[in-house]
Amino acid sequence: MDGQCQHLQQDIRGLLSRLHPAEARAAGFGVSLRGLIGDLVRSWNDRLGEQTRFALRFETNVDIPDDVALTIYRLSQEALTNSVRHARAANVLVSLADDGNGRVSWSVEDDGTGIGDDSGSLQLGNGLAGMRERAWALGSDLEIGPAQPAGGRPGLRLAAAFLLAR
Ligand SMILES: Nc1ncnc2c1ncn2[C@@H]1O[C@H](COP(=O)(O)OP(=O)(O)OP(=O)(O)O)[C@@H](O)[C@H]1O
Ligand SMILES: [Mg+2]
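Residues numbered from 1 in each chain as written. Chains lettered and ligands numbered in written order. Predicted model: local features only at pLDDT ≥ 70, side-chain atom pairs only at ≥ 80, totals over all residues. Heavy atoms only, no water.

Undergrad: Help me understand the site of ligand 1 in this model?
TA: In the vicinity of ligand 1, 17 residues are found, and the nearest of them are N82, H86, I115, N126 and L128. Side-chain polar atom of H86 to an oxygen atom of ligand 1: 2.7 Å apart, as the coordinates give it. Starting from 590 Å² of accessible surface for ligand 1 in isolation, the protein chains cover 82%. Structurally, ligand 1 is housed in the largest pocket. Looking at the shell around ligand 1, the elements that each hand over two or more residues are helix 4 (66-87) and helix 6 (127-137). (Near = heavy atom within 4 Å. Polar contact = N/O pair within 3.5 Å; in protein donor to acceptor, adjacent residues only side chain to side chain. Areas by Shrake-Rupley, 256 points an atom, 1.4 Å probe, with all protein chains shown as cover. 1 Å grid on protein atoms, 1.4 Å probe; cavity = no way out; pocket = protein on both sides within 12 Å on 5 of 7 lines; lining within 4 Å. Sits in = over half its atoms within 2 Å of the grid points. Helix = DSSP H or I, 4+ residues; strand = E, 2+ residues; numbered from the N terminus.)

Structure representation (structure tokens):
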């Protein structure tokens with residue numbers, strides 16, 4: 001039993017380290033967030049840049065704690081994947097900024113089809129619901145709304161703000 005348990009633990013550790021980007025392991029997630037999200041945005045541009053332009057506006061130099069950084073990275077991954085799968089957008093923008101008052105704001109917005117009734121959409125898959133749970137776990141909430149409420153294609157804007165010290 002003892003031997004089996006040790007094997008199992010090694011397997012799980014190996015799996016977790018494969019899921020965790022190497023650069024983040026070396027530097028700490030918060031330190032390398034700019035590079036990691038930059039890579040994510042670049043990889044989508046490399047694959048789909050002809051149809052959709054992905055951009056990053058990373059406007060903060062504050063130290064972002066690892067748990068907040070990991071959440072922001074995971075939220076960005078899901079938001080970008082959703083924009084590719086569902087939005088048929090021409091532009092997708094990932095933004096990060098701090099308010100100078102101990103909070104960092106994250107958003108991803110696209111100019112695609114939008115989701116209409118967001119409570120219905122939350123039940124269609126696990127992505128948005130999981131994003132909301134990740135935000136809740138850090139005492140924040142996930143805002144879901146149109147990116148361009150004024151007219152034309154509504155697009156989608158997902159946003160959350162996180163305290164840097166809790
Ligand atoms: N950027 C977007 N533009 C338009 N519709 C969207 C967008 N993001 C999500 N949706 C809609 O909201 C629904 C729920 O999204 P969610 O991420 O929860 O599930 P999913 O992407 O369908 O499946 P998964 O569980 O694999 O993430 C989608 O099925 C889609 O209809
Ligand atoms: Mg999804």
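Right, picking up where we left off after that structure.
Undergrad: So what exactly am I meant to see when it comes to the coordination of the magnesium ion (ligand 2) here?
TA: Tetrahedral coordination by four donors sets the ideal angle at the metal to 109.5 degrees; octahedral coordination by six donors sets it to 90 or 180 degrees. Looking at the metal site, the magnesium ion (ligand 2) is ligated by E78 (OE) and N82 (OD1), spaced 2.1 Å from it. Here E78 and its partner N82 are both found in helix 4, 4 residues apart, which amounts to about one turn of the helix. (Donors = N, O, S within 2.8 Å, 3.2 Å for Na, K, Ca; no water.)

Undergrad: In this structure, what is going on with the environment of G145? I would like to understand it.
TA: The residue G145 is located in strand 4 (residues 143-145) in this model. For the pair G145 and I115, spaced 30 residues apart in sequence, the C-alpha separation works out to 8.3 Å. The residues contacting G145, other than those within four sequence positions of it, are G155, L156 and R157. (Contact = heavy atoms within 4.5 Å.)

Undergrad: Whenever I open this one, the sheet that holds strand 3 (residues 103-110) confuses me. Can you help?
TA: Two pairing modes exist for strands in a sheet, parallel and antiparallel, and in both the strands are linked by backbone hydrogen bonds. With mixed pairing, the 5 strands of this open sheet are ordered in space as 1-2-3-5-4. If you trace the sheet from one side to the other, it starts and ends with strand 1 (53-59) and strand 4, each paired once. Across this sheet, the average inter-strand angle for adjacent strands is 10°, counted without regard to direction. In the sheet, strand 4 pairs with strand 5 (residues 156-163) via 3 bridges, with the strands oriented antiparallel. Within strand 5, the residue paired with G145 across the bridge is R157. Along the sheet, helix 4 contacts strand 1, strand 2 (91-98), strand 3 and strand 5; its crossing angle with strand 3, the most-contacted strand, is approximately 10°. (Pairing = 2+ DSSP bridges. Axes fitted to C-alpha atoms, helices over the stretch in contact; angles between N-to-C directions.)

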